[in-house]
Amino acid sequence: MSDVKRSTEALYQPLIERDLGAIPSAVEAFLQAHGAADLWLAVTRFAVLAYAPSQHAKRAVMACRAVDELRDASGAWNVGLLVACARYAAMSRQPWSEPPLLDPPATDATQSASIGELEAAISADDRVRAERWLSAALPDAETAMQSLARGDALLMLDTARVLVGKLGEKGRYALFRMPLLELLTGEDDEETSASPDGLIARVIEERGSIASVRAVLIHAAAHADERESADMRTDLIPEPYELGRDYAQTLLAYAVARKLPKDSDVAGFLAAVRVNLEHGDSFADWSFA
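Conventions and cut-offs
Residues numbered from 1 in each chain as written. Predicted model: local features only at pLDDT ≥ 70, side-chain atom pairs only at ≥ 80, totals over all residues. Heavy atoms only, no water. Helix = DSSP H or I, 4+ residues; strand = E, 2+ residues; numbered from the N terminus. Rg over C-alpha atoms; globule rule 2.2 N^0.38 Å. Phe/Tyr/Trp six-rings, centres within 6.5 Å; stacked < 30°, edge-to-face > 60°. Buried < 20%, exposed > 50% of the residue type's maximum accessible area, 1.4 Å probe, protein only. Lys NZ or Arg CZ within 6 Å of the ring centre and 35° of its normal. Arc of directions from axis to C-beta. Contact = heavy atoms within 4.5 Å. Salt bridge = Lys/Arg side-chain N within 4 Å of Asp/Glu carboxyl O. 1 Å grid on protein atoms, 1.4 Å probe; cavity = no way out; pocket = protein on both sides within 12 Å on 5 of 7 lines; lining within 4 Å. Points joined across faces, edges and corners; volume = space filled by probe spheres on them. Nonpolar A, V, L, I, M, F, W, Y, C, P; charged D, E, K, R; others polar. Axes fitted to C-alpha atoms, helices over the stretch in contact; angles between N-to-C directions. Parallel < 35°, antiparallel > 145°, perpendicular 65-115°, else oblique.

> I would appreciate a short explanation of the overall build of the protein in the present structure.
Regarding its fold elements, the protein presents 15 helices and 0 strands. Taking 19 Å as the expected radius of gyration for a compact globule of 289 residues, we find that the protein reaches 19 Å, a close match to that expectation. When its C-alpha atoms are laid out on the principal axes, the protein stretches across 55 × 50 × 35 Å.

Okay, structure coming up:
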């Protein structure tokens, strides 16, 4: 067994057991042996494998991506945020969840990889059929799902698109299974054509409500190609906190704020998000609703 694998198993033990008190020391031990980049990979892989279509579980994966994006100008990681992500991934894992799926289900030559087959699986709410479609269409799954993804399905598709380049092709099925399962939920569409300024104004008016910030995140995911060439800020990094309190939206808001237009009211946007974190309802009850 390699040193990294042995250290990863030791790190995962308190995460699996939800032993929150043991997670900081497990993180520190891993850091001493392998460094922050390998720690991020290990925590992110755990979050992906623990994913289920619950609000906390999907936000735990998104939070891991955000921490990668929130490194400072030198590329250094915020260890406090890595610990927060490890804790959130541990707590968001549903105790009754199925064993993690690493490999796609077997298919044969008759399995269709067409968009029509995916639409039929969604219409029938047939998860097994949808997963077989994903197995057959895996190399081009991102493009196929892009035309159908809205709301949280779009958020998870955008997250999978970014993470597959960092976690490797071995994780492709597990990553793109996330937006696939979101497509099966039949979630209502979220407006993606509104201007960033209009969406930010709503966030400020609603004092950082979950729904208003989610709309900003969805807009950013819908316009991912445009933002990748943006001149992004590197000075916006939040203080670590219990991510479950607001479904990690403060962390996600700081990450998306780096990509907002330079003339946007970023300060007002983040101030409203912090108001919600400090004074809004806490969702850290782990009900998995």
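From this point, the narrative continues.
> Is there a simple way to explain the packing of aromatic side chains in this structure?
The geometry of an aromatic ring pair is captured by the separation of the ring centres together with the interplanar angle, meaning the angle of the planes. Applying the stated rule across the entire model yields 3 aromatic pairs. Ring geometry for Tyr-247 against Phe-283: centres 4.6 Å apart, planes inclined by 25°, an arrangement best described as stacked. Highlighted residues: Tyr-247 in the loop between helix 13 (224-227) and helix 14 (249-257) and Phe-283 in the segment after helix 15 (266-279), separated in sequence by 36 residues. According to the relative accessible area criterion, Tyr-247 is buried, its value standing at 12%. The ring of Trp-77 carries Arg-71 above its face, with NZ or CZ at 4.3 Å from the centroid.

> Any chance you could explain helix 6 (residues 115-123) here in plain terms?
One turn of an α-helix holds 3.6 residues; hence residues three or four places apart share an orientation. Residues Glu-117, Leu-118 and Ala-121 constitute the buried set of helix 6. Projected onto a plane normal to the axis of helix 6, the buried residues spread over an arc of 100° and lie on a single side. Residues of helix 6 that are buried in the fold lie against helix 7 (127-137), helix 8 (141-146) and helix 10 (172-183). Just past helix 6, the residue Asp-125 takes up positive phi, approximately 50°.

> Quick question: what am I supposed to make of unusual backbone geometry here?
Glycine aside, residues mostly have negative phi angles, and peptide bonds mostly take the trans form. Backbone geometry at Arg-18 places phi at a positive 55°, although glycine is not the residue there. Within the secondary structure layout, Arg-18 lies in the loop between helix 1 (3-17) and helix 2 (23-34). Note on Arg-18: relative accessible area 25%, which makes it partly exposed. The backbone phi angle of Arg-207 is positive, close to 55°, even though this residue is not glycine. Mapped onto the fold, Arg-207 is located in the loop between helix 11 (196-205) and helix 12 (210-222).

> I'm lost on the pattern of salt bridges in this one. Help?
Where charged atoms from two side chains of opposite charge approach closely, those side chains can pair. What the rule picks out here adds up to 15 salt bridges. Two residues, Glu-131 and Arg-177, come together in a salt bridge whose shortest N-O distance is 2.8 Å. In this pair, Glu-131 sits in helix 7 while Arg-177 sits in helix 10, placing the two residues 46 residues apart along the sequence. For the pair formed by Glu-131 and Arg-177, the shared burial category is buried. Salt-bridge contacts for Arg-202 lead to Glu-206; the nearest nitrogen and oxygen are separated by 3.2 Å. One network of salt bridges, with partners in common, ties together Arg-65, Glu-69, Asp-158, Arg-161 and Lys-259.

> Honestly, empty space enclosed by the protein in this entry has me stumped. Any pointers?
Where empty space is left can be seen by rolling a probe of water-molecule size over the atoms. In the structure shown here, the tally under the stated rule is 1 cavity of 30 Å³ or more. Taken as a whole, the largest cavity holds about 180 Å³ of empty space. Around the largest cavity, the lining is made up of 15 residues, and of these Met-62, Arg-65, Asp-158, Leu-217 and Lys-259 lie nearest the centre. Listed by contribution, the elements that provide at least two residues to the lining of the largest cavity are helix 4 (55-69), helix 9 (151-167), helix 12 and helix 14. The element that contributes the greatest number of residues to the lining of the largest cavity is helix 4, accounting for 4 residues. In terms of residue class, the lining of the largest cavity is made up of 9 nonpolar, 1 polar and 5 charged.

> What should I look at first to understand the environment of Ala-106 in this one?
Along the chain, Ala-106 falls in the loop between helix 5 (79-92) and helix 6. Owing to a relative accessible area of 71%, Ala-106 belongs among the exposed residues under this scheme. Sequence separation between Ala-106 and Ala-10 is 96 residues, and the spatial gap between their C-alpha atoms is 32 Å.

> Explanation requested: the packing of helix 9 against helix 10 in the structure shown.
What describes two packed helices is the angle between their axes and the distance between those same axes. Running from amino to carboxyl end, helix 9 crosses helix 10 at an angle of 175°, the nearest separation of the two axes being 8 Å. The pairing of helix 9 with helix 10 is recorded here as roughly antiparallel in orientation. Residues Asp-152, Ala-153, Met-156, Leu-157, Ala-160, Arg-161, Leu-163, Val-164 and Leu-167 of helix 9 pack against Arg-172, Leu-175, Phe-176, Met-178, Pro-179, Glu-182 and Leu-183 of helix 10. Tallied by class, residues from the contact of helix 9 with helix 10 come to 12 nonpolar, no polar and 4 charged.

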